[in-house]
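# Residue-level structure breakdown
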Amino acid sequence: MSKGNKKMNSSEVELKDRLVAINRVTKVTKGGRNFSFSAIVVVGDEKGMVGHGLGKANEVTEAIAKAIDEAKKNLIHVAVVNDTLPHEILVKSDGAKVFMKPASQGTGVIAGGAMRAVLESAGVHNVLAKSQGSSNPHNVVKATIKALAQLKDANAIARKRGITLDKVFNG
């Protein structure tokens, strides 16, 4: 399994959580309306690890707590090189399509709401990003995580091919 797809243990690091979205869901019954909540949360150590989770409950705080627990179970390692991405990537997941491109030092995170939360939690500080298609936060978060999992740095490629780092770039 490649480094980008490897699941990580959440007990090893200090994780920070970011609430991406809360949705109030109404179920109409014979006795009236029942309200419940779903929360989307992104957790990360801002040093290359990130995960996302969806929690559902009758109270907002319970939904957020469930989402954080779920996110800690879905951690992945992201290849971050000099606070940016190692290469461009375009990924489609469900209805969302995301494009991310490395940026020079000092650019900052140029990305929309849900993508920004994922990229900042992963520790990417300079990136140009665009999401197209669905603006549903859950789909955008899943597409962004999928794209980050597919990133590979030069060292990982050299190890996989069994060659030196110079040969990756020169031949």
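Note on numbering: residues in each chain are counted from 1, in written sequence order. Residues qualify for local features only when their pLDDT is at least 70, as the model is predicted, and side-chain atom pairs are given and counted only at 80 or more; totals for whole chains, interfaces and linings, by contrast, use all residues. Side-chain metrics in this entry use all non-hydrogen atoms of the structure; hydrogen atoms and water are not considered.

### Here we look at the sheet that holds strand β2 (residues 32-44)
Formally: Strand pairing requires that DSSP identify at least two bridges connecting the strands. Secondary structure elements are taken from DSSP: a helix is a run of H or I of four residues or more, a strand is a run of E of two residues or more, and numbering for both begins at the N terminus.
Ordered in space as β1-β2-β3-β4, the four strands form an open sheet in which the pairing is antiparallel. Since the sheet does not close on itself, it has two edges, and those belong to β1 (16-29) and β4 (76-77), each with one partner. Summarising the sheet, strand β3 (residues 49-57) and β4 pair through two bridges and their orientation is antiparallel. Looking at β4, one finds that Met49 is bridged to His77.

### Observations regarding the pairing of strand β5 (residues 89-93)
Here is the rule we go by: Burial classes: relative accessible area under 20% of the type maximum marks a residue as buried, over 50% as exposed, and values in between as partly exposed (1.4 Å probe, protein chains only).
Residues Ile89, Val91 and Ser93 of β5 are buried on one face, while the alternating residues Leu90 and Lys92, pointing to the opposite face, are not. Strand direction decides the pairing type here: β5 and strand β6 (residues 96-102), joined by five bridges, are antiparallel. Among the inter-strand pairings, Ser93 is bridged to a residue of β6, identified as Ala96. Taken together, β5 and the strand that follows it, β6, pair antiparallel across an intervening segment of two residues, in which Asp94 is found at a positive phi of about 55 degrees.

### Points about the packing of helix α2 (residues 113-122) against helix α3 (residues 137-150)
Applied cut-off: With axes taken as lines fitted to C-alpha atoms, and helix axes fitted only over the stretch in contact, angles between N-to-C directions fall between 0 and 180 degrees. Each crossing gets its handedness from the near helix: less than a right angle anticlockwise from the far helix is left-handed, clockwise is right-handed. Should any heavy atoms of two residues lie within 4.5 Å, those residues are counted as being in contact.
At a minimum axis distance of 8 Å, the contact between α2 and α3 shows a crossing angle of 35 degrees. Considering only the axes of α2 and α3, their crossing is right-handed. Contacts between α2 and α3 pair Ala114, Met115, Val118, Leu119 and Ala122 from the former with Pro137, Val140, Val141, Thr144, Ile145 and Leu148 from the latter.

### Remarks on the pattern of salt bridges
Condition: Only one rule defines a salt bridge in this text: a Lys or Arg side-chain nitrogen within 4 Å of an Asp or Glu carboxyl oxygen.
Per the stated rule, a full pass over the model turns up five salt bridges. Where Asp94 meets Lys142, a salt bridge forms, and the shortest distance between an N and an O atom there is 2.8 Å. Of the two residues, Asp94 sits in the loop between β5 and β6 while Lys142 sits in helix α3, which places them 48 residues apart along the sequence. Exposure remark for Asp94: the relative accessible area of 44% places this residue in the partly exposed category. With its nearest N and O atoms 3.3 Å apart, the salt bridge here joins Glu120 to Arg116. In this pair, Glu120 and Arg116 both sit in helix α2, four residues apart, roughly one turn of the helix.

### Re unusual backbone geometry
At Glu46, a position not held by glycine, the phi torsion is positive, near 60 degrees. When you line up the elements, Glu46 lands in the loop between β2 and β3. Accessibility expressed as a relative area gives 26% for Glu46, which makes it partly exposed. Its identity as a non-glycine residue notwithstanding, Asn82 has a phi of 50 degrees, on the positive side. Along the chain, Asn82 falls in the loop between β4 and β5. A residue is classified by how much of its surface remains accessible, and Asn82, at 64% relative accessible area, is exposed.

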